[in-house]
Amino acid sequence: MLSQLDKEIIRALQEGLPLVSRPFLALAEKLGITEDELLAKVQDFAERGVIRRFGAAVRHQDLGFVSNAMVVWQVPEERIEEVGRLMATFDEVSHCYQRPARPPDWPYNLFTVVHGQTPEDCREIAARLSRASGIASYRLLFSVAELKKSSMKYFVEK
Amino acid sequence: MTLDSLDKQLLNLIQSHLPIVPEPYRKLAETLGTTEEDILARLKRLIESGVIRRLGAIFDSRQVGYSGTLCALKVPAERIKEVAAVINSFPGVTHNYLRDHPYNMWFTLLVESPARLEATLEEIKKRTGIEDILHLPASRIFKIRVNFDLGEDENA
């Protein structure tokens, strides 16, 4: 369980690390704790997995990964684990999740996001995943418009 | 914006390893053979131009105690703007994309509790009049790759 102080620290950290020489000191002063206490807390969050990653979230479009597609797969229930693990090993796959199928409208139960230079690349990657896994029923969903993209802010709604 | 070779090295480094030390920018400068001032100026530019979306902690929504889901609905072309405005008005909706499928609007939703999740979906149905919403919470995560930002901090 997170304490009240934990939540306050999360609220402060999610505003971004200040661009000053001692950013943890700057945040700690606002929180009324010491720099050492804050550093220890951030380390602890990182070790416990509360912080998945301490780094920069980068817009990959700006770095040359220009195309991505959500590829959804219809996988027999008994093969989900094996196929999920297999697809996760591909470098071009950034995300691989199992989700419930909602037949008949939505028969797909495994979701991957694949990245390439072009849409054609993404189709080829999907075809390779299909050959490797033997899962023939799949579909690519390209995004045609971004309607919203924002970073999550925790513990701000009351 | 144009990235020079040091910008790229810096981005590569800080995507996974921003040092958790009192003077992280000085540490980065030492690693890259430049000055702390140079690193700070570069980061400021990368943040202002939107290349860096967030610097610092990327939280695991589940570990933080939040519940998330991925949802999709069928929105007629002439209602896309209006329906997106309703859906995007919820702060827990962090991503919303139009995709080429009959279920054309796909959004992620993160909220403080499972009850809140249901309540939010009910409100979206009520305010849009669209009853058929696919509700697809992840039951298992095989991979979240850290150096792509596509929804990784959402974990919905």
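Residues numbered from 1 in each chain as written. Chains lettered and ligands numbered in written order. Predicted model: local features only at pLDDT ≥ 70, side-chain atom pairs only at ≥ 80, totals over all residues. Heavy atoms only, no water.

## Points about the overall build of chain B
Consideration 1: Per the secondary structure count, chain B includes 6 helices and 6 strands.
Consideration 2: Relative to a compact globule of 156 residues, whose C-alpha radius of gyration would be 15 Å, chain B shows 20 Å and is clearly more extended.
Consideration 3: Across its three principal axes, chain B shows a C-alpha extent of roughly 60 × 35 × 25 Å.
Consideration 4: The 156 residues of chain B split such that 59% are buried.
Consideration 5: Sequence separation of at least 24 residues holds for 61% of the intrachain contacts in chain B that already meet a minimum separation of 6.
Consideration 6: Looking at charge distribution, chain B has the averaged site of its 20 positive side-chain charges lying 3 Å from that of its 22 negative ones. (Helix = DSSP H or I, 4+ residues; strand = E, 2+ residues; numbered from the N terminus. Rg over C-alpha atoms; globule rule 2.2 N^0.38 Å. Buried < 20%, exposed > 50% of the residue type's maximum accessible area, 1.4 Å probe, protein only. Contact = heavy atoms within 4.5 Å. Lys, Arg positive; Asp, Glu negative; His and termini not counted. Charge placed at Lys NZ, Arg CZ, Asp CG, Glu CD.)

## Let's talk about the domain arrangement of chain A
When the parts of a complex come together, some accessible area is lost, and that lost area is often taken as the interface size.
Consideration 1: When cut into domains, chain A gives domain 1 (4–48) and domain 2 (60–142).
Consideration 2: Inter-centroid distance (C-alpha atoms) of domain 1 of chain A to domain 2 of chain A is 37 Å. (Domains from an automatic or database assignment.)

## Thoughts on the interface of chain A and chain B
Consideration 1: Listed per partner, the contact involves 77 residues of chain A and 80 residues of chain B.
Consideration 2: When chain A packs against chain B, the two sides together hide about 7,600 Å² of surface, and 57% of this comes from carbon and sulfur.
Consideration 3: Considering only the surface of chain A that becomes buried against chain B, A:Arg52, A:Arg53 and A:Lys148 emerge as the three largest contributors, covering 11% of it.
Consideration 4: At the surface where chain A touches chain B, the tally comes to 3 salt bridges. (Buried area = accessible area lost by both parts, 1.4 Å probe. Salt bridge = Lys/Arg side-chain N within 4 Å of Asp/Glu carboxyl O.)

## Description of the sheet that holds strand E4 (residues 110–116) of chain A
Strand pairs in the sheet, formed through backbone hydrogen bonds, run parallel or antiparallel to each other.
Consideration 1: With respect to topology, 9 strands assemble into an open sheet ordered E5(B)-E2(B)-E4(B)-E3(B)-E5(A)-E2(A)-E4(A)-E3(A)-E6(B), the strand pairing being antiparallel. Among the strands making up the open sheet, the edge pair consists of strand E5 (133–135) and strand E6 (140–144) of chain B. Strand-to-strand twist of the sheet, defined as the mean angle between neighbouring strand axes without regard to direction, takes the value 25°.
Consideration 2: Here strand E2 (residues 67–73) of chain B pairs with E5(B) via 3 bridges, running antiparallel. Residue B:Leu73 lies in a different strand from E5(B), and its bridge partner there is B:Ile133.
Consideration 3: Running at roughly 10° to E6(B), helix H4 (residues 80–88) of chain A makes contact with strand E2 (67–73), strand E3 (93–98) and E4 of chain A together with E6 of chain B of the sheet.
Consideration 4: Against the sheet, helix H5 (residues 80–88) of chain B engages strand E5 (138–149) of chain A together with E2, strand E3 (93–99) and strand E4 (105–111) of chain B, with an angle of about 160° to E3(B). (Pairing = 2+ DSSP bridges. Axes fitted to C-alpha atoms, helices over the stretch in contact; angles between N-to-C directions.)

## Here we look at the packing of helix H1 (residues 4–13) of chain A against helix H3 (residues 35–48) of chain A
Residue and element names in this part refer to chain A.
Consideration 1: It is the contact of H1 with H3, at a shortest axis distance of 12 Å, that shows an interaxial angle of 90°. Accordingly, the angle class assigned to the pair H1 and H3 is roughly perpendicular. Facing H1, whose interface residues are Asp6, Ile9, Ile10 and Leu13, H3 presents Leu38, Lys41, Val42 and Phe45.
Consideration 2: Residue composition of the contact of H1 with H3, grouped by class: 6 nonpolar, no polar and 2 charged. (Parallel < 35°, antiparallel > 145°, perpendicular 65-115°, else oblique. Nonpolar A, V, L, I, M, F, W, Y, C, P; charged D, E, K, R; others polar.)

## Description of the pattern of salt bridges
Residues and elements named next belong to chain B.
Consideration 1: All told, the structure shown has 21 salt bridges over all chains when counted by the stated rule.
Consideration 2: Note that arginine 42 is salt-bridged to aspartate 7, the shortest N-O span being 2.9 Å. Of the two residues, arginine 42 is situated in helix H3 (residues 36–48) and aspartate 7 in helix H1 (residues 5–16); the sequence distance between them amounts to 35 residues. In terms of burial, arginine 42 and aspartate 7 fall into one category: buried.
Consideration 3: A salt bridge links glutamate 23 to arginine 26, with the shortest nitrogen-to-oxygen separation between them at 3.5 Å.
Consideration 4: Overall, the relative accessible area of 32% leaves glutamate 23 in the partly exposed class.
Consideration 5: On the accessibility criterion, arginine 26 (35% relative accessible area) is partly exposed.
Consideration 6: Residues participating in the shared-partner salt-bridge network are Asp4, Asp7, Asp38, Arg42 and Arg45.

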